[in-house]
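Each chain, written out:
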Amino acid sequence: KEDSHEDNKVTSPATKGLRDAKNHKRLLHHAARLFNEKPKKGFQHLVDHGILPNPVTPHSVAAFLRTGLVVGLDKAAVGQYLGEIGKDAAKAEKPPPVWELDWFHKEVLTMYCSSFGFENQSLLDSLRMFLAAFRLPGEAQMIDRILQGFSESVGR
């Protein structure tokens, strides 16, 4: 009977690690659902639970958008966020969260595009790989912004 008690002590850190991983995944799923409805809510949830750093960085948001499809991010919502221009902080009455600012959107798009391995790929293969990760929004200006970011990334 004592041996089984000692075995529990050995496996409890593993159980805690498994429990923590499951909780982290649950938080990511919930954040993805919130993001799909409204990106602002999804990012706030990620910051509140320590998944995104505070202050939020363009790199951390781009990484979430790039890897978030496995936890339920909607491809259309990702494309919509990438294509948005963001808010001008100077024109806003109340300062919006950093992830809604125009410069932040540009940086996220740049980081998102650079997260793909376009090296040694043809232009067509690179474009296919890029467009498979999200769905282009319907607005021409948004599509133009996204493809501009793609072309700058491929050109490097």
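Details of the structure are given in the entry above.
Structure report, in brief.

Thresholds applied
Residues numbered from 1 in each chain as written. Predicted model: local features only at pLDDT ≥ 70, side-chain atom pairs only at ≥ 80, totals over all residues. Heavy atoms only, no water. Salt bridge = Lys/Arg side-chain N within 4 Å of Asp/Glu carboxyl O. Helix = DSSP H or I, 4+ residues; strand = E, 2+ residues; numbered from the N terminus. Buried < 20%, exposed > 50% of the residue type's maximum accessible area, 1.4 Å probe, protein only. Axes fitted to C-alpha atoms, helices over the stretch in contact; angles between N-to-C directions. Parallel < 35°, antiparallel > 145°, perpendicular 65-115°, else oblique. Contact = heavy atoms within 4.5 Å.

Here we come to the pattern of salt bridges. Across all of its chains, the model carries 2 salt bridges by this definition. The residue lysine 16 makes a salt bridge to aspartate 20 at a minimum N-O spacing of 3.0 Å. Residue lysine 16 and its partner aspartate 20 are located together in helix α1 (residues 2–37), separated by 4 residues, close to a single helical turn. Among the residues examined, lysine 16 registers a relative accessible area of 49% and is labelled partly exposed. For aspartate 20, a relative accessible area of 41% translates into the label partly exposed.

On to unusual backbone geometry, then. Cis rather than trans, the peptide bond between asparagine 54 and proline 55 has omega equal to 10°. Phi at asparagine 120 is positive, roughly 60°, even though this residue is not glycine. For asparagine 120, a relative accessible area of 83% translates into the label exposed.

Orientation of helix α4 (residues 75–83) relative to helix α5 (residues 102–114), taken along the N-to-C sense of each, is 125°, at an axis distance of 8 Å. Accordingly, the angle class assigned to the pair α4 and α5 is oblique. For the pair formed by α4 and α5, the contact residues are Val78, Tyr81 and Leu82 on the first element and Phe104, His105, Val108, Leu109 and Tyr112 on the second.

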